[in-house]
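Report on the structure
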Amino acid sequence: MMWFIEGLKNLITFPAKWFWKHRKEYTKWQQILLLAGTASGILLIIGSIIWLILYLGSNYPAYLVIIAFVIGVFSLAKYEMEKKETENAQQSSEQTMMYAQEQYQMQMQMQDQAVRAYPVIRKIMYQTLKSVAESVGGNVPRLLTEIEVPEGHFICVNSICFYQFKLAKADIRMSYMREELQEFERILQTAISRKIQAGEFPTLGTGTFLDAYGNVLDAVIIDIIEDMDTYLIIQAVFYSPAYAEYWRQKQINQQSVYSGAVIPEERWDNRV
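Residues numbered from 1 in each chain as written. Predicted model: local features only at pLDDT ≥ 70, side-chain atom pairs only at ≥ 80, totals over all residues. Heavy atoms only, no water.

1. Things to note about the state of the cysteines
- Across all of its chains, the model carries one disulfide by this definition.
- Bridging Cys 156 to Cys 161, the disulfide has an S-S length of 2.2 Å. For the disulfide bridge between Cys 156 and Cys 161, the dihedral angle about the S-S bond is near 90°, and by the sign convention the bridge is right-handed. Taken individually, Cys 156 and Cys 161 each receive the classification buried, so the pair is uniform in this respect. (Disulfide = S-S within 2.5 Å. Buried < 20%, exposed > 50% of the residue type's maximum accessible area, 1.4 Å probe, protein only.)

2. What to know about the environment of Gln 111
- With respect to the secondary-structure elements, Gln 111 resides in helix 3 (residues 61–132).
- Overall, Gln 111 belongs to the partly exposed group, its relative accessible area being 27%.
- Considered as a pair, Gln 111 and Phe 154 are 43 residues apart in the sequence and their alpha carbons are 8.8 Å apart.
- In this structure Gln 111 touches Phe 154 and Cys 156, once residues within four positions along its chain are discounted. (Helix = DSSP H or I, 4+ residues; strand = E, 2+ residues; numbered from the N terminus. Contact = heavy atoms within 4.5 Å.)

3. Description of the nonpolar core
- Counting residues in each nonpolar core, the largest one holds 35 residues, and the members touching the most others are Met 125, Tyr 163, Leu 188, Ile 222, Ile 225 and Ile 234.
- It is helix 3 that contributes the most residues to this core, 10 residues altogether.
- By size, the runner-up hydrophobic cluster in this structure holds eight residues, among which are Ile 160, Ile 221, Val 237 and Tyr 243. (Core = buried A, V, L, I, M, F, W, Y, C linked by side-chain atoms within 4.5 Å.)

Following this line, the structure appears as structure tokens:
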């Protein structure tokens, strides 16, 4: 019923709203005339509504009852629809908040796990790089801190934590292409696999995992190596089902690129 009352109110007050909006466009005497006309219009509308109700009530009471019934039914239906929309909006908002809270809690848990796991993977990377740094274009690190990335030890995204390490380049004049960096990734991954199988990192337990697609992955995986001019950035991860899915999609994307036309790689750091 409120919508009907609101409609009547808007109809009755329309002349006054129109006068107030356009009053500055006219002179003082014109405003007085417009104000009088506005008041007359409001009284005319009110009088017409009252006359119509009295006329229908006196001559066609059945019509008045039908009109009142239709307005009542429509008002009730509109109220129920608005109530349902409000409830759905509230439910959706609550679900969104719950999802956001769950995601935040998961992110915090991942951060805590990453903080605890970082010393373990740092030690693995340090010992491995000491033995193969020269084979991947880098200087042999002397201290653990030399391979740390001060800006961020790890990046957690989509339930995967990528641990970041750096390796100073043996020759900063060198700019490695993607194919060369991929070869460095294979060399480093092979060295890690051998050390795990040799039992040099007992905290890892089993050395390999079999994912849902039959792929065998190491407990520690070199995800990517990037050339940053004076040093290499190495991203490593611990095996997880989430990373196995990411790794599989990554392999599919690489195969699709290799099967297509060879497109020269655009690099800003290439030197002539």
